[in-house]
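Summary of structural features
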Amino acid sequence: MLQSKLFGKTTKDAPKDEVSINAVFLSRGGFIDKLSAGVYSYLPLGLRTLKKIQQIVREEMNAIDGQEILMPALHPKEVWEQTGRWHDPGSEVMFQFKGRSEKEYGLGWTHEEVVTPLAKRFISSYRDLPLALYQIQDKFRNEPRAKSGLMRGIEFSMKDLYSFHADQSDLDVYYEKALNAYRRVYERCGLDAIVTEASGGSFSKYSHEFQVLTPNGEDIIYYCQSCKYAQNKEIAELQGGDTCPKCKKGTIGEGKAIEVGNIFQLKTKYSEPFKLEFAAEDGSVKQVLMGCYGIGPSRVMGSIVEVHHDDRGIVWPKSVAPFAVHLLRLGENETVTKRAQEVYEKLMKAGVEVLYDDRADISAGQKFADADLIGLPIRAVISEKAGKDVEVKKRSEAKATLVSVSEFIALVS
Ligand code: ATP
Ligand code: MG
């Protein structure tokens, strides 16, 4: 991609009402644009990263037999009345309004009320189980505090998976599989997510949250500094300074964290009101057991920035960087321009995702500052000074090295 043609420009200052680190760097870098509190457009750079995160999530959900579907965001009141959540609890976060003929609708903030009747249309026998369905879609929540950029959206991206089982042991096995799939998602996104016990609502003792320690997190967790056993403060039996009850060695620390995922055993909470039942092998009729599993890819994107940045900008992990290489051309002279164009074409031929800063009349200092702000993993400079070689520097390191063009291509492909 030629930077001269890229929609979205870097800016020196963030919009003045943006305070969180992720919103400041993502806005300044030209990744996102704020339409209103908690409501953002994704520009080409930002959308590339969001899609990479969503793709990682998709691959890991497919690997645990999840089947991707897409449900409506617009929900008629009736399905929500069936579970009692049109009024309570849920009515506070749900945008509710009237369509024509006074028909009432709400915007989806979660999808149990849609997926359960959907699954019921096709589940009748034990042979139809287990089943796992997921979607990646924008959710809408009337959040009271939307001041943290992508970390708390009013419209935001969520992957929600729902699983359906014949018995508790099958649900337990799948729940464990999903937990491990979640671990892989965060690991691939460059996040160190701590599996944290949290309140499970009325049907399970615990749910599991995936929490990333960050000074701007809105949750407080207690976690073992040795084995990483953790509990959310809201339910915690643990206290800071305790010896870990699990490993009996580590000390419990306290930290601010952001919840990047949450998995629950719903059991029969939704199969009951929707009468989601199946004929068991012995002919008896039983209720289906359910689990639900949520990740917010947009919050994951914000959290990555909160964790991976320095005072100059973002330091993207390679797996989610919008491009792998930032190629900078310094100077306008013919030789340099020709060399840079050749390297750009070679990179593209080798299948390397490259953003080529071909902008004219921009100083070297400005190009370097923009490269640091945008934060692609590798910066490669073509200049008179570098001669026939390429000056290569990792965003995460200070030192640049000169390598030949062929070495460079081999290094990044
Ligand atoms: P929180 O306690 O932070 O409000 P939640 O517990 O209400 O989140 P869940 O209903 O568990 O969120 O949603 C599943 C996942 O969706 C969360 O773990 C998070 O990654 C993401 N998510 C939830 N709310 C938001 C939001 N307002 N903006 C961005 N992502 C969100
Ligand atoms: Mg949650």
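Look above for the structure.
Going along each chain's sequence as written, the residues are numbered from 1 onward. Note on labels: chains are lettered from A, ligands numbered from 1, in written order. Local features in this predicted model are restricted to residues whose pLDDT is 70 or higher, and side-chain atom pairs enter the listing and the counts only when it is 80 or higher, whereas totals over whole chains, interfaces and linings include all residues. Think of the side-chain values as coming from all heavy atoms in the structure, minus any hydrogens and water.

1. Describing the sheet that holds strand 4 (residues 74–76)
The condition is simple: Paired strands are those between which DSSP finds at least two bridges. A run of H or I in DSSP becomes a helix once it reaches four residues, and a run of E becomes a strand once it reaches two; helices and strands are each numbered from the N terminus. Lines fitted to C-alpha atoms define the axes, with helix axes restricted to the stretch in contact, and inter-axis angles between N-to-C directions lie between 0 and 180 degrees.
Read across the open sheet, the 3 strands follow the order 4-6-5; overall the sheet is antiparallel. The sheet terminates laterally at strand 4 and strand 5 (96–98), the two strands that pair on one side only. For this sheet, the mean angle separating the axes of adjacent strands, direction not counted, is 35°. As paired strands, strand 5 and strand 6 (residues 104–107) are joined by 3 bridges and run antiparallel to one another. For Phe97, the partnering residue across the bridge sits in strand 6 and is Tyr105.

2. Details of the site of ligand 1
Spelled out, the test is: Proximity criterion: a residue is near a molecule or strand once any of its heavy atoms comes within 4 Å of it. Contacts described as polar in this section are N or O atom pairs within 3.5 Å, which, within protein, must combine one atom able to donate a hydrogen with one able to accept it, while residues neighboring in sequence count only if both atoms come from side chains. Accessible surface area values rest on a Shrake-Rupley calculation with a 1.4 Å probe, where residue burial reflects the displayed protein chains alone.
In the vicinity of ligand 1, 14 residues are found, and the nearest of them are Arg141, Glu143, Arg152, Gly153 and Glu259. Note that an oxygen atom of ligand 1 is positioned 3.2 Å from one of the backbone N or O atoms of Val260. Within the contact set of ligand 1, an oxygen atom lies 2.9 Å away from a side-chain nitrogen or oxygen of Arg299. When the free accessible area of ligand 1 is taken as 590 Å², the share hidden by the protein chains comes to 82%. Secondary structure elements with two or more residues in the shell around ligand 1: strand 8 (155–165) and strand 13 (252–267).

3. A short note on the nonpolar core
If you look at soluble globular proteins, the nonpolar side chains tend to sit buried side by side. Counted only if it meets this: Here the nonpolar core consists of buried residues drawn from Ala, Val, Leu, Ile, Met, Phe, Trp, Tyr and Cys, with membership extended through side-chain atoms lying within 4.5 Å. Residue exposure (1.4 Å probe, protein chains only): buried if accessible area is under 20% of the type maximum, exposed if over 50%, otherwise partly exposed. Note on contacts: a residue pair is in contact if any heavy atoms of the two residues lie within 4.5 Å.
Core analysis: the largest hydrophobic core is formed by 54 residues, its most contacted members being Leu26, Tyr186, Phe210, Tyr293, Val300 and Trp316. Examining the composition of this core, we find that 9 residues originate from one element, helix 5 (residues 168–188), more than from any other. Setting aside anything within four residues of it in sequence, one finds Trp316 in contact with Leu26, Phe31, Thr49, Met301, Ile304, Val305, Ala321, Pro322, Ile374, Gly375, Leu376 and Pro377. Listed in part, the 21 residues of the second largest apolar core include Ala340, Val343, Leu347 and Val352.

4. What about the packing of helix 2 (residues 44–63) against helix 6 (residues 297–307)?
To be explicit about the condition: Any angle that falls under 35 degrees is termed roughly parallel, while one over 145 is termed roughly antiparallel, one within 65 to 115 roughly perpendicular, and all others oblique. By convention the crossing between two helices is left-handed if the near helix lies anticlockwise of the far one by an angle smaller than a right angle, and right-handed if it lies clockwise.
With their axes 9 Å apart at the nearest point, helix 2 and helix 6 run at an angle of 115° to one another. The angle between helix 2 and helix 6 places the two elements in the roughly perpendicular class. The two elements helix 2 and helix 6 meet at a crossing, and its hand is right-handed. For the pair helix 2 and helix 6, the contacting residues are Gly46, Thr49, Leu50, Ile53 and Gln54 in the first and Pro297, Ser298, Val300, Met301 and Ile304 in the second.

5. Comments concerning the packing of helix 7 (residues 334–349) against helix 9 (residues 405–412)
The cut-off we apply is this: Only Asp, Glu, Lys and Arg are considered charged in this grouping, and only Ala, Val, Leu, Ile, Met, Phe, Trp, Tyr, Cys and Pro are considered nonpolar; every other residue, Gly among them, is considered polar.
Where helix 7 contacts helix 9, the axes come no closer than 10 Å and their chain directions differ by 30°. Here helix 7 runs over helix 9; the crossing is right-handed. Contact residues: helix 7 offers Val343, Lys346 and Leu347, while helix 9 offers Val405, Phe408, Ile409 and Val412. Class assignment of the residues belonging to the contact of helix 7 with helix 9 gives a composition of 6 nonpolar, no polar and 1 charged.

Limitation: the analysis is restricted to geometry and does not speak to function.
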